[in-house]
Amino acid sequence: MTIHDKFRLDGKSALITGASRGIGLAAAKALSEAGADVTLTALSSEETSAAAAAIRAEGRKATSHVLDVREVKEFSQFVEAHGPFDVLVNNAGINRLAHCLDVSPVYFDDVMSTNTRGSFFLAQAVAKDLVARQRPGSIITMSSQMGVVGGVQRAAYCASKHAVEGYTKAMAIELGPHGIRVNTICPTFVETELTRPFFEDADFKASVLSKIKLGRIGLPDEVAGAVLYLASDASSLVTGSALKVDGGWTAE
Ligand code: NAP
């Protein structure tokens, strides 16, 4: 087997959350191109079903489902019914900006229930199913450079992503003996619908560009490459890690 072959995912099944657009959609396409059967999920159905249809039109396997990562019981039943998933891309996430003095409990719970609680219990559901089947796997959670450092108006978001980093390491320890690898990806600012409103503020955009050492905002495909690496056997010795795709933001 060549190193190139190790990036292939033929015969593997991958579940991707937040796959309707942005990073999740790019990740789903990348995994599919590498040979995985992909299950695209999001809150809404229109974009995921169109994306799945486009993948099928190219002769590969793809389905789409509405899945709310805040609904633990429902997605656990979904995993039981549609698993096993050899790869989970725990990507669904939200961010709303507020100064730390203005974060309300409702706002905080909203961010945590999607970014942290949702991703934690989905990782648990997928891992439980894999352990029961004695099957290895790769769980990848979309963290952020804000899971490594702090950011203005991002206290709740940072809390949610730093927590992801913590449970990822703990899960990696406990799931390693089962052959299940657990990692995060920490992107810098990437051009998606999530970040588009932020960049309407020219001063903010300039401050972001001044911190990214490569001098530009990222693209979803640049994160998808990291997803493919962590999903595949190319990363077979990698677990409990945070893969920074941050253009050098956190190097300083
Ligand atoms: P995006 O374009 O806003 O897409 C977010 C996706 O998450 C959508 O598919 C959305 O589904 C889905 N989603 C939101 N709430 C959900 C829920 N409760 N249940 C299921 N799906 C839900 O965001 P993105 O920029 O691609 O970000 C993806 C991930 O990368 C997030 O975890 C984010 O924190 C992280 N990240 C992004 C950046 C960045 O600069 N873009 C940087 C670092 C980390 P619907 O379309 O159906 O609403």
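Our structure's up above, just so we're on the same page.
Residues numbered from 1 in each chain as written. Predicted model: local features only at pLDDT ≥ 70, side-chain atom pairs only at ≥ 80, totals over all residues. Heavy atoms only, no water.

A closer look at the nonpolar core
Core analysis: the biggest nonpolar cluster contains 30 residues, and I16, L31, V38, L40, I185 and V227 have the highest contact counts within it. If you list the elements that add at least two residues to this core, you get β1 (13-16), α2 (22-33), β2 (37-42), α3 (46-57), β4 (87-90), β5 (137-142) and α8 (220-231). It is α8 that contributes the most residues to this core, six residues altogether. L31 has contacts with L9, A14, I16, A36, V38, V87, V89, V227, L228 and A231, leaving out every residue within four places of it along the chain. (Core = buried A, V, L, I, M, F, W, Y, C linked by side-chain atoms within 4.5 Å. Buried < 20%, exposed > 50% of the residue type's maximum accessible area, 1.4 Å probe, protein only. Helix = DSSP H or I, 4+ residues; strand = E, 2+ residues; numbered from the N terminus. Contact = heavy atoms within 4.5 Å.)

Concerning the packing of aromatic side chains
Inspection of every chain in the model, using the stated rule, returns nine aromatic pairs. The positively charged end of R154 is found above the aromatic ring belonging to F198, 4.9 Å away from the centroid. (Phe/Tyr/Trp six-rings, centres within 6.5 Å; stacked < 30°, edge-to-face > 60°. Lys NZ or Arg CZ within 6 Å of the ring centre and 35° of its normal.)

Structural notes on the environment of F199
Here F199 shows up in the loop between β6 (180-187) and α7 (202-211). Separated by 10 residues in sequence, F199 and F189 place their C-alpha atoms 10.0 Å apart. Non-local contacts of F199, meaning those with residues more than four positions away in its chain, are made with F189, F204, K205, V208 and I217.

With respect to the pattern of salt bridges
Taken as a whole and judged by the stated rule, the model has nine salt bridges. We note a salt bridge from R8 to D10, for which the minimum N-O separation is 2.8 Å. The partly exposed category is assigned to R8, whose relative accessible area is 35%. Between D86 and R135 there is a salt bridge whose closest N-O contact spans 2.7 Å. Placement of the pair is D86 in the loop between α4 (72-82) and β4 and R135 in the loop between α5 (105-132) and β5, with a sequence separation of 49 residues. (Salt bridge = Lys/Arg side-chain N within 4 Å of Asp/Glu carboxyl O.)

Observations regarding the site of the ligand
Taken together, 30 residues lie around the ligand, and S20, R21, S44, Y157 and T192 are the ones closest in. R21 has a polar side-chain atom sitting 2.6 Å from an oxygen atom of the ligand. Within the backbone of N91, an N or O atom sits 2.8 Å from an oxygen atom of the ligand. In the complex, the protein chains occlude 94% of the 900 Å² of accessible area that the ligand would expose alone. (Near = heavy atom within 4 Å. Polar contact = N/O pair within 3.5 Å; in protein donor to acceptor, adjacent residues only side chain to side chain. Areas by Shrake-Rupley, 256 points an atom, 1.4 Å probe, with all protein chains shown as cover.)

Digging into the layout of surface pockets
The space that makes up the largest pocket amounts to roughly 820 Å³. Sorting the residues of the lining of the largest pocket by element identifies α2, β2, α5 and α6 (155-175) as the ones contributing at least two each. Across the lining of the largest pocket, the residue classes break down as 15 nonpolar, 17 polar and eight charged. (1 Å grid on protein atoms, 1.4 Å probe; cavity = no way out; pocket = protein on both sides within 12 Å on 5 of 7 lines; lining within 4 Å. Points joined across faces, edges and corners; volume = space filled by probe spheres on them. Nonpolar A, V, L, I, M, F, W, Y, C, P; charged D, E, K, R; others polar.)

Description of the packing of α4 against α5
Pairs of packed helices are described in terms of their axes, by the angle between the two and the distance that separates them. Relative orientation of the contacting elements α4 and α5 amounts to 30°, with a least axis distance of 9 Å. Compared by their axis directions, α4 and α5 come out roughly parallel. Here the hand of the crossing between α4 and α5 comes out right-handed. Where α4 approaches α5, its residues V72, F75, S76 and V79 are matched on the opposing element by R117, G118, F121, L122, A125, V126 and D129. Of the residues assigned to the contact of α4 with α5, the class counts are seven nonpolar, two polar and two charged. (Axes fitted to C-alpha atoms, helices over the stretch in contact; angles between N-to-C directions. Parallel < 35°, antiparallel > 145°, perpendicular 65-115°, else oblique. Left-handed = near helix turned anticlockwise from the far one by under 90°.)

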